[in-house]
Amino acid sequence: MTREELERSAKQVVQSAEARIHYLGFDMLRDELLYGSKGPNPFRDIRVRRAVAAAIDVNAIRDKVFRGFTQPTGSIIAPPVHGYVKELDTRQPLDRTAAKRWLAEAGYPNGFEVTLDCMNTAPNSELCQAIVPMLQSIGIRARANL
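Since this is a predicted model, take the numbers as computed values, not measurements. (Residues numbered from 1 in each chain as written. Predicted model: local features only at pLDDT ≥ 70, side-chain atom pairs only at ≥ 80, totals over all residues. Heavy atoms only, no water.)

**Q** Describe the packing of helix α3 (residues 58-65) against helix α5 (residues 124-136), naming the residues involved and giving the relevant values.
**A** Here α3 crosses α5 at 140°, and the two axes come no closer than 11 Å. In terms of orientation, α3 lies oblique with respect to α5. For the pair α3 and α5, the crossing hand works out as right-handed. For the pair α3 and α5, contact is made by Ala60, Ile61 and Val65 and by Glu126, Leu127, Ala130, Ile131 and Met134, respectively. (Axes fitted to C-alpha atoms, helices over the stretch in contact; angles between N-to-C directions. Helix = DSSP H or I, 4+ residues; strand = E, 2+ residues; numbered from the N terminus. Parallel < 35°, antiparallel > 145°, perpendicular 65-115°, else oblique. Left-handed = near helix turned anticlockwise from the far one by under 90°. Contact = heavy atoms within 4.5 Å.)

See below:
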């Protein structure tokens, strides 16, 4: 269903903004991932974290998962929340070529395996499922654990 169809069919539903942030949290404390490739924890390297950010098409997620009812952000703090700083609200641009280069520079030219632990509720499960093929496109063999 498109955004326009939703708006027409939801005449009695009130639309309003909320300060909800969806984000990926990386396990950077462990020496090795609990659920993924064996060896050093790839998320300890900032190039791997940048590669993940550069692989995720937030506009596609906005349009397909959230049906246009969201605003991509680069901040963990939403604009209406005290402490939000507009100048810090920047995202890594979508650039899968750079993402693959950063993975290679970090020692993962063939990627690695990782399990994403996700909440099993809408829209969280759909978001997680949308991210998996985006990560796979740069060589990170991700699996959604819903």
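Picking up after the structure, the text goes on.
**Q** Describe the pattern of salt bridges, naming the residues involved and giving the relevant values.
**A** The final tally for this structure, using the stated rule, is 7 salt bridges. Residue Glu113 pairs with Arg141 through a salt bridge whose shortest N-O separation is 3.9 Å. Note that Glu113 is positioned in strand β1 (residues 112-117) and Arg141 in strand β2 (residues 140-145), a separation of 28 residues in sequence. Under the relative-accessibility criterion, Glu113 is labelled partly exposed at 42%. With relative accessibility at 38%, the residue Arg141 sits in the partly exposed group. (Salt bridge = Lys/Arg side-chain N within 4 Å of Asp/Glu carboxyl O. Buried < 20%, exposed > 50% of the residue type's maximum accessible area, 1.4 Å probe, protein only.)

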